[in-house]
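Structure at a glance
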Amino acid sequence: MRLQRTTAALGAALTSLVVLTGCSSSWGEDAGLPAAGDMGAIEKLVGSHTMCSDLRTGTGDSGAMGTETKDPAWAIKERGVCGDDARDTVTLLSVSDMEKFQETAKKAAEAGHATRFLLGQDFALVAGDEPTAKALLKSDVLLFTCEKGFKVPDGYRSEKLLVDGCALTDYVPSQA
């Protein structure tokens, strides 16, 4: 009887250990993507790699992802924009459900509205230009795109996503 209780306790302890170590990790953790938690943390991450002054949240429909922010399918908790003194250079998106976000981005791309995002575990960024995107890669975010025909060249990272048919990479091609 004592052996049965000890075995049951050991089994429960091992199950708990597996749950704590194997199933609790956030998407993107294995790829080394940064997590932010809130808009302030996203702003700090962006600001440490490129100009991110004058953060404005709730900025309406204009600019990148303005109307999408209001659509629950995108799972965007909060949207902000920041930049340099002359213009907005980065759109910051706090994402509540990264799988929903990726699925909706894929559907938008299939409908001809592809957008390139830089992803962390719980946030997405839209860089205003290629130099800004490349600067932000130094923060360990990766480019996410569902553009038709997009290929990751040899020698660049290609990480797993929550949806098929898209790419997550450290390759930022020139905008055509």
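Residue numbering note: each chain is counted from 1, following its sequence as written. Per-residue local features of the predicted model are confined to residues with pLDDT of at least 70, and side-chain atom pairs are confined, for both listing and counting, to 80 or more; whole-chain, interface and lining totals are unaffected and use all residues. Neither water nor hydrogens contribute to the side-chain values; these are computed over all heavy atoms in the structure.

Some words on the nonpolar core
Grouped together as the largest cluster of nonpolar side chains are 24 residues, with contacts concentrated most on Trp74, Leu93, Phe101, Phe117, Leu119, Phe144 and Leu168. Going along the chain from the N terminus, every DSSP run of H or I of four or more residues is numbered as a helix, and every run of E of two or more is numbered as a strand. Looking at this core, the elements with two or more residues in it are strand S3 (88-95), helix H3 (98-110), strand S4 (117-119), strand S5 (123-127) and strand S6 (142-145). For this core, the element with the most residues is H3, which contributes five residues. Contacts are assigned to residue pairs with any non-hydrogen atoms lying within 4.5 Å of each other. Excluding residues within four positions of it along the chain, Trp74 makes contact with Met65, Glu68, Phe101, Thr104, Ala105, Ala108 and Phe117. For our purposes a nonpolar core is just a set of buried Ala, Val, Leu, Ile, Met, Phe, Trp, Tyr and Cys residues, chained together by side-chain atoms within 4.5 Å. Type-normalised accessible area, obtained with a 1.4 Å probe on protein chains alone, sets the label of each residue: buried when under 20%, exposed when over 50%, and partly exposed for intermediate values.

Some details on helix H2 (residues 39-47)
The complete set of buried residues in H2 reads Met39, Ile42, Leu45 and Val46. Seen end-on, H2 carries its buried residues on one side only, within an arc spanning 120 degrees. Where H2 begins, one side-chain oxygen reaches toward the backbone nitrogen of Gly40, 3.2 Å away; that side chain belongs to Asp38. The arc under discussion is defined with respect to the helix axis, by the directions toward the C-beta atoms. In protein, a polar contact means a hydrogen-donor-capable atom and an acceptor-capable atom, both N or O and within 3.5 Å, with residues adjacent in sequence counting only if both atoms are side-chain atoms; elsewhere, any N or O pair within 3.5 Å suffices.

Some thoughts on the confidence of the model for the protein
Scored by pLDDT, the protein has a mean of 84; 81% of the residues are at 70 or more. Think of pLDDT as the predictor's per-residue confidence, scored from 0 to 100. Segment residues 3-24 is flagged for pLDDT under 50; beyond a separation of four residues in sequence, or across chains, it makes three contacts in the model.

Some thoughts on unusual backbone geometry
You will see that Ala75, though not glycine, has its phi angle at about 60 degrees, which is positive. Position of Ala75 relative to the elements: it lies in the loop between strand S1 (53-57) and strand S2 (76-83). In this structure, Asp140 takes a positive phi of about 80 degrees despite not being glycine. Structurally, the position occupied by Asp140 is in the loop between helix H4 (130-136) and S6.

Section: the state of the cysteines
By convention in this document, the label disulfide applies to cysteine sulfur atom pairs within 2.5 Å. Inspection of the entire model under this criterion finds two disulfides. Shown here is the disulfide that connects Cys52 with Cys82, its sulfur atoms set 2.0 Å apart. Its torsion about the S-S bond being -105 degrees, the disulfide of Cys52 and Cys82 is classed as left-handed. Residue Cys52 is found in the loop between H2 and S1, and its partner Cys82 is found in strand S2; the two are separated by 30 residues along the sequence.

With respect to H3
Expected span of a helix: the number of residues minus one, times 1.5 Å. Look at H3: 18 Å from first C-alpha to last across 13 residues, which is about the 18 Å you get at 1.5 Å a residue. Looking at H3, one finds that the buried residues are Met98, Phe101, Gln102, Thr104, Ala105, Ala108 and Ala109. Looking straight down H3, one finds that the buried residues subtend no more than 165 degrees of arc, so they occupy a single side. Exposed residues on H3 whose side chains face more than 90 degrees from its buried face are Lys107 and Glu110. The N-cap of H3, judged by a side-chain oxygen 3.1 Å from the amide nitrogen of Glu99 a few residues on, is Asp97. Just beyond H3, the residue with positive phi is Gly112, at close to 90 degrees.

Comments concerning the pattern of salt bridges
Throughout this description, the term salt bridge denotes a Lys or Arg side-chain nitrogen within 4 Å of a carboxyl oxygen of Asp or Glu. For the structure shown, the criterion picks out four salt bridges. One salt bridge connects Arg157 with Glu159, and the closest N-O pair in it is separated by 3.0 Å. Judged by relative accessible area, which is 30%, Arg157 ranks as partly exposed.

A short note on the environment of Pro34
Relative to the helices and strands, Pro34 resides in the loop between helix H1 (2-23) and H2. When the C-alpha positions of Pro34 and Leu45 are compared, they lie 8.9 Å apart, and in sequence the two are eleven residues distant. Apart from residues no more than four positions distant in its own chain, Pro34 is found in contact with Leu45, Gly120, Gln121, Phe123, Ser139, Asp140 and Val141.

Notes on the packing of aromatic side chains
Any Phe, Tyr or Trp ring, taking Trp's six-membered ring, that has another such ring centre within 6.5 Å forms a pair; planes under 30 degrees apart are called stacked, those over 60 apart edge-to-face, and the others tilted. In this structure the tally under the stated criterion is six aromatic pairs. Taken together, a centroid distance of 4.9 Å and an interplanar angle of 70 degrees make the contact between Phe101 and Phe117 edge-to-face. Of the two residues, Phe101 is situated in helix H3 and Phe117 in strand S4; the sequence distance between them amounts to 16 residues. Each residue in the set Trp74, Phe101, Phe117 and Phe144 is aromatic and connected to the rest through ring pairs, giving one cluster.

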